[in-house]
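Chain by chain, the residues:
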Amino acid sequence: MSFNVKKIRKDFPLLNAKHTLAYFDNSATTFKPLQVVKAVDDYYLNFPSNIHRGEYDLSHNADERYEEARNIVADFINAKKEEIAFTSGTTESLNFIAYGLGKVFLKEGDEIIISTSEHASNILPWYRLQEDLKIKVKLVPLDSKGRITLKNVIKTITEKTKVISLAHVSNVLGYILPLKEIVEYAHKFNIIVVADAAQSVPHMKVDVKDLDVDFLAFSGHKMLGPTGIGVMYGKKELMNKIPPLLLGGGMNTRFDKEGNYTFKESPEKFEAGTPPIAQAIGLGEAIKYIQKIGFAEIQQHIGTLRKKLIKNLTKIEGLKIYNPNAESGIVTINYKNVFAQDIATFFNVKGVAVRSGQHCAKILNDFLMAPGTVRISIYIYNTKEEIEQLIKACQEGDNYLDAYFR
Amino acid sequence: MPTLDNNMMRAIIMDHYEHPHHKELKDDNKYQKIHMDSESCIDDIYVQVFVENNVIKDLRFDGVACAISTASTSIMTDLLLNKSLDEAKEIIKNYFNMLYEKEYDEDLLEEANALKNTSKQANRIKCACLGWIGLAELIKDK
């Protein structure tokens, strides 16, 4: 299918409202197309029953659609069905992975490698393991551009390294990690590699078999899907080895009065309680939507817009671009010494939505040498005209106090 | 003080943001200090006060904050200096009333009137309050 942004925008009612907002906070969350909203509605209106209650047709229908969504996800990242557990999002997935690894793979003195550019959800679960198990969390140094290189990862690895957990695409700087190369190297030393793929899966083909990554986490809401749904991928043998954090209904096989209990296999083992059924179905629909357009087309569209933006922002005096050459749709800037939040508030007045602050990556500031940044993140429905609106707002950056005097 | 127009308000905020007053802490035990950071943004400042005989003898701040936060705190350090605690509390009350669009006495607020429009940017009211809440906390039991 040839890429037609006008046609895509018709699927997002908000983008057709009279006073449109140029929305550039897509790394935080994306808008949802009608197809996704309809799939969620379909569940709530037409078969709103719990799963695993196959005795009546309504539930059987919910079961089928929920498992169909799992199949869609599995195909999408080239995994097996039993390697896909639904979670509430990337955060929960990473917590499950860290907990499980902490229980069965890690012991005092072991080392885990993360980086300074990680999101809080790929730092804090490991920090807690560091406290609880007396393991050590080590940070890969970034290169001068802010990238994580294979070379620096290799330098950080020691014989005590057991796990490497890194963002596949950085949520602040937007660089793509050389994940496949890191995995290949790490596996020579039996190191487990975890990828936070929250920012990569919405933008590029992620093939877990090709990457050979051991665990991978992503969210539905950053890729046109509903909030409250995410994916924890793990290789089958690892998913079977690590214990679940949450225990309860739907995940156990039996328990008795003496306190004995056993779990189901993956993925049910990780899905205690009633799962987000509507959201999983919605995520399946979002993936179908993305697949219909195709990543080649998506990347070309976003790349063209990004190039235009960078070309024009480079001309603005006093505007600093932290990642002119990043491969994803993220452009991170600051304007003179104006506080990032003041710029973002000003852009809002100009009808442009961007994110300001630390983007949950609070230990990256030393590298950026700024207390905060303005992050522009582009997605499939953004247009050339919106980019021009954004450029114009940047050109008027000196008027940032306008936000208070309109 | 004449009613401020938009340009005057903008000039006051800009001036206090770019050249903040009393923006340096003292290393002296007679001062009391409070750390004010916002959970939802990256504003992160300290407010420091020296009170003697129920009068604010010195008032300072330092840290990293946005234009509104910096300017409002800088203006506060001018406005409340050498005020009695009762006067200070009254001014603080009127300032908060202004931000929350309640009745207030603009004559008491002088340059702080420049922050009046913050109430139109609801998410930024907390910026305009940050330093002021810090001071209110420091002197509330005095």
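Values in this document were obtained by computation on a predicted structure and should not be read as measured data.

Draft legend 1. Broad picture of the overall build of chain A. Broken down by element type, chain A carries 14 helices and 15 strands. Here the C-alpha atoms of chain A give a radius of gyration of 22 Å, agreeing with the 22 Å that 2.2 N^0.38 yields for 406 residues. Each principal axis of the C-alpha distribution contributes one length, and for chain A these read about 70 × 55 × 40 Å. Scored against the burial criterion, the 406 residues of chain A give a buried share of 57%. Residue pairs in contact within chain A that sit at least 24 positions apart in sequence constitute 70% of those at least 6 positions apart. As displayed, chain A offers around 17400 Å² of accessible surface, 52% of which is attributable to carbon and sulfur atoms. Averaging the coordinates of the 52 positive side-chain charges in chain A and doing the same for the 47 negative ones gives two points 5 Å apart.

Draft legend 2. Quick look at the interface of chain B and chain A. Listed as interface residues are 22 residues of chain B and, on the opposing side, 20 residues of chain A. Taken together, both faces of the contact between chain B and chain A bury some 1700 Å²; the carbon and sulfur share is 58%. The three residues of chain B that bury the most area against chain A are B:Arg10, B:Ile42 and B:Gln121, which together make up 36% of that side's buried surface. Linking chain B with chain A are 2 salt bridges, by the criterion used here. B:Arg124 is the partner of A:Asp342 in a salt bridge, and the nearest nitrogen-oxygen pair spans 2.8 Å. Secondary structure elements with two or more residues in the side of chain B that touches chain A: helix 1 (6-18) and helix 2 (67-79) of chain B. Among the elements that make up the side of chain B that touches chain A, the one with the highest residue count is helix 1 of chain B (7 residues). By residue class, the composition of the side of chain B that touches chain A is 13 nonpolar, 4 polar and 5 charged.

Draft legend 3. Broad picture of the layout of surface pockets. Put simply, the largest pocket is a space of about 540 Å³. Every residue lining the largest pocket is counted, 23 residues in all, and those nearest its centre are A:Gln341, A:Arg355, A:Ser356, A:Gly357 and B:Ser40. For the lining of the largest pocket, the elements supplying multiple residues, two or more each, are helix 12 (340-349), strand 13 (352-353) and strand 14 (355-357) of chain A. Looking at the lining of the largest pocket, the element that brings in the most residues is helix 12 of chain A, giving 4 residues. For the lining of the largest pocket, a count of residues per class yields 8 nonpolar, 11 polar and 4 charged.

Draft legend 4. Region of the structure containing a nonpolar patch on the surface. Residues and elements named next belong to chain A. On the surface, Leu-124, Tyr-127, Leu-139 and Ile-363 cluster together to form a nonpolar patch covering roughly 320 Å² of accessible area. For Leu-124, the position within the fold is in helix 5 (residues 124-133). Its relative accessible area of 51% is what places Leu-124 among the exposed residues.

Draft legend 5. Spotlight on the pairing of strand 6 (residues 192-196) of chain A. All names here are of chain A. Counting buried residues in strand 6 gives 5 out of 5 residues, a clear majority hidden from the surface. Every second residue of strand 6 is oriented toward a common face, with Ile-192, Val-194 and Asp-196 on one face and Val-193 and Ala-195 on the other, all of them buried. Relative to strand 6, strand 5 (residues 161-167) runs parallel, the two sharing 5 bridges. Its bridge partner lying in strand 6, Ala-167 is registered against Asp-196. A crossover connection joins strand 5 to the parallel strand 6 through helix 7 (residues 179-187); in handedness this β-α-β unit is right-handed. Across 3 bridges, the pairing between strand 6 and strand 7 (residues 215-219) is parallel. When the bridges of strand 7 are listed, Val-194 appears paired with Phe-215.

Draft legend 6. Seen up close, the sheet that holds strand 3 (residues 55-64) of chain B. Residue and element names in this part refer to chain B. Strand order in this open sheet of 3 strands is 1-2-3, and the pairing throughout is antiparallel. Across the chains shown, the open sheet's two edge strands, defined by having one partner strand only, are strand 1 (32-37) and strand 3. Neighbour-to-neighbour, the strand axes of the sheet open up by a mean angle of 20 degrees, direction not taken into account. Bridge count between strand 2 (residues 44-52) and strand 3: 9 bridges; the pairing is antiparallel. Opposite Tyr-46, over in strand 3, you have Asp-62 as the bridge partner.

Draft legend 7. Structural context of the nonpolar core. Core analysis: the biggest nonpolar cluster contains 155 residues, and A:Leu216 and B:Leu80 have the highest contact counts within it. For this core, the element with the most residues is helix 10 (residues 277-293) of chain A, which contributes 10 residues. For A:Leu216, the residues in contact, after removing those within four places along its chain, are A:Ile77, A:Ala195, A:Ala197, A:Val201, A:Val206, A:Val208, A:Val231, A:Met232 and A:Tyr233. If you look at the next biggest cluster of nonpolar residues, it comprises 24 residues, including A:Leu94, A:Ile97, A:Ile135 and A:Ala217.

Draft legend 8. Broad picture of the sheet that holds strand 6 of chain A. Residues and elements named next belong to chain A. Ordered by their spatial adjacency, 7 strands build an open sheet running 2-8-7-6-5-3-4, and the pairing between neighbours is mixed. Of all strands in the sheet, those with a lone pairing partner are strand 2 (84-87) and strand 4 (136-140), marking the two edges. Mean inter-strand twist for the sheet, computed between neighbouring axes without regard to direction, equals 20 degrees. Across the sheet, helix 4 (residues 90-104) is in contact with strand 2, strand 5, strand 6, strand 7 and strand 8 (230-234); its angle to strand 7 comes to roughly 155 degrees.

The rules we used
Residues numbered from 1 in each chain as written. Chains lettered and ligands numbered in written order. Predicted model: local features only at pLDDT ≥ 70, side-chain atom pairs only at ≥ 80, totals over all residues. Heavy atoms only, no water. Helix = DSSP H or I, 4+ residues; strand = E, 2+ residues; numbered from the N terminus. Rg over C-alpha atoms; globule rule 2.2 N^0.38 Å. Buried < 20%, exposed > 50% of the residue type's maximum accessible area, 1.4 Å probe, protein only. Contact = heavy atoms within 4.5 Å. Areas by Shrake-Rupley, 256 points an atom, 1.4 Å probe, with all protein chains shown as cover. Lys, Arg positive; Asp, Glu negative; His and termini not counted. Charge placed at Lys NZ, Arg CZ, Asp CG, Glu CD. Buried area = accessible area lost by both parts, 1.4 Å probe. Salt bridge = Lys/Arg side-chain N within 4 Å of Asp/Glu carboxyl O. Nonpolar A, V, L, I, M, F, W, Y, C, P; charged D, E, K, R; others polar. 1 Å grid on protein atoms, 1.4 Å probe; cavity = no way out; pocket = protein on both sides within 12 Å on 5 of 7 lines; lining within 4 Å. Points joined across faces, edges and corners; volume = space filled by probe spheres on them. Patch = residues over 30% accessible without salt bridge, like charges linked within 9 Å, V, L, I, M, F, W, Y side chains within 5 Å. Pairing = 2+ DSSP bridges. Right-handed = clockwise from strand over helix to strand, strands pointing away. Axes fitted to C-alpha atoms, helices over the stretch in contact; angles between N-to-C directions. Core = buried A, V, L, I, M, F, W, Y, C linked by side-chain atoms within 4.5 Å.

Any functional reading would require information beyond the geometric quantities listed.
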